[in-house]
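Secondary and tertiary structure notes
Now for the letters of each chain:
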Amino acid sequence: DAKTTQPPSMDCAEGRAANLPCNHSTISGNEYVYWYRQIHSQGPQYIIHGLKNNETNEMASLIITEDRKSSTLILPHATLRDTAVYYCIVRLDSSYKLIFGSGTRLLVRP
Amino acid sequence: DVKVTQSSRYLVKRTGEKVFLECVQDMDHENMFWYRQDPGLGLRLIYFSYDVKMKEKGDIPEGYSVSREKKERFSLILESASTNQTSMYLCASSLPTSGDFETQYFGPGTRLLVL
């Protein structure tokens, strides 16, 4: 399974965009990039996923580089409730396995 | 909205006790999963079930068993609890798709302390 690398922590001001990077340089052609987050003492929550194209939903945007070796999760207007650990995961489309790494601890400051 | 519920948020048990952790999902999902989460180790898959009465071992099945008698319910059993099974236990479910993504929806977790 491809591995991901994320910074251990980041912070941003409330109302500003939070840009969370992820490196997945060994990703293969049929592996999706997923983002989940985990707010303290809760189960992980799905945010967004993508294969090659950039994606946007009501929660976030996902920008995947053309070579697919890295991606960025964008929370356009971060709120205090977005403080959480964010996990970038790569997964084969035929595999049920999600391999969670250490994630990035995002702190949104008032 | 998908809802995955777990029977307890917090549980304290003694070494050697038999422990049942229950998970219920209300979206008719075929796949259900049990993970444990420990500091520094991330989430690790214990068992997975893709249908009623079907199960597959995950990465760390030792010391655990599972039961899936009904589609909506997936139970994790610690036959004889040990202190190294103190952890946060997370249940998830998903509806398998072909060719596209398969999102796993997680419950709130059960924090188990084995004394």
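Above this note sits the structure.
Overview of the structure. Keep in mind the model is a prediction, meaning the values are calculated, not measured.

1. Section: the sheet that holds strand 7 (residues 64-70) of chain B
Residues and elements named next belong to chain B. Read from one edge to the other, the open sheet built from four strands follows the order 1-3-8-7, with strand pairing classed as antiparallel. Of all the strands in the sheet, just strand 1 (4-6) and strand 7 have a single pairing partner and so form its edges. The mean inter-strand angle of the sheet, taken between neighbouring strand axes irrespective of direction, is 20°. Direction of pairing for strand 3 (residues 19-25) relative to strand 8 (residues 73-78): antiparallel, over a ladder of six bridges. Within strand 8, the residue paired with Phe 20 across the bridge is Ile 77.

2. Overview of the pairing of strand 3 (residues 31-38) of chain A
Residue and element names in this part refer to chain A. Of all eight residues making up strand 3, eight are buried, and the element is well covered by its neighbours. Judged by which residues are buried, strand 3 turns out to be covered on both faces: Glu 31, Val 33, Trp 35 and Arg 37 on one side and Tyr 32, Tyr 34, Tyr 36 and Gln 38 on the other are all buried. Pairing analysis gives five bridges linking strand 3 to strand 4 (residues 45-50), with the strands arranged antiparallel. By the bridge assignment for strand 4, Trp 35 is matched with Ile 48. Counting the residues that bridge the hairpin from strand 3 to strand 4 gives six residues, and of these Ser 41 lies at a positive phi of roughly 65°.

Rules of the game
- Residues numbered from 1 in each chain as written.
- Chains lettered and ligands numbered in written order.
- Predicted model: local features only at pLDDT ≥ 70, side-chain atom pairs only at ≥ 80, totals over all residues.
- Heavy atoms only, no water.
- Pairing = 2+ DSSP bridges.
- Helix = DSSP H or I, 4+ residues; strand = E, 2+ residues; numbered from the N terminus.
- Axes fitted to C-alpha atoms, helices over the stretch in contact; angles between N-to-C directions.
- Buried < 20%, exposed > 50% of the residue type's maximum accessible area, 1.4 Å probe, protein only.

The values are spatial; any link to function lies outside them.
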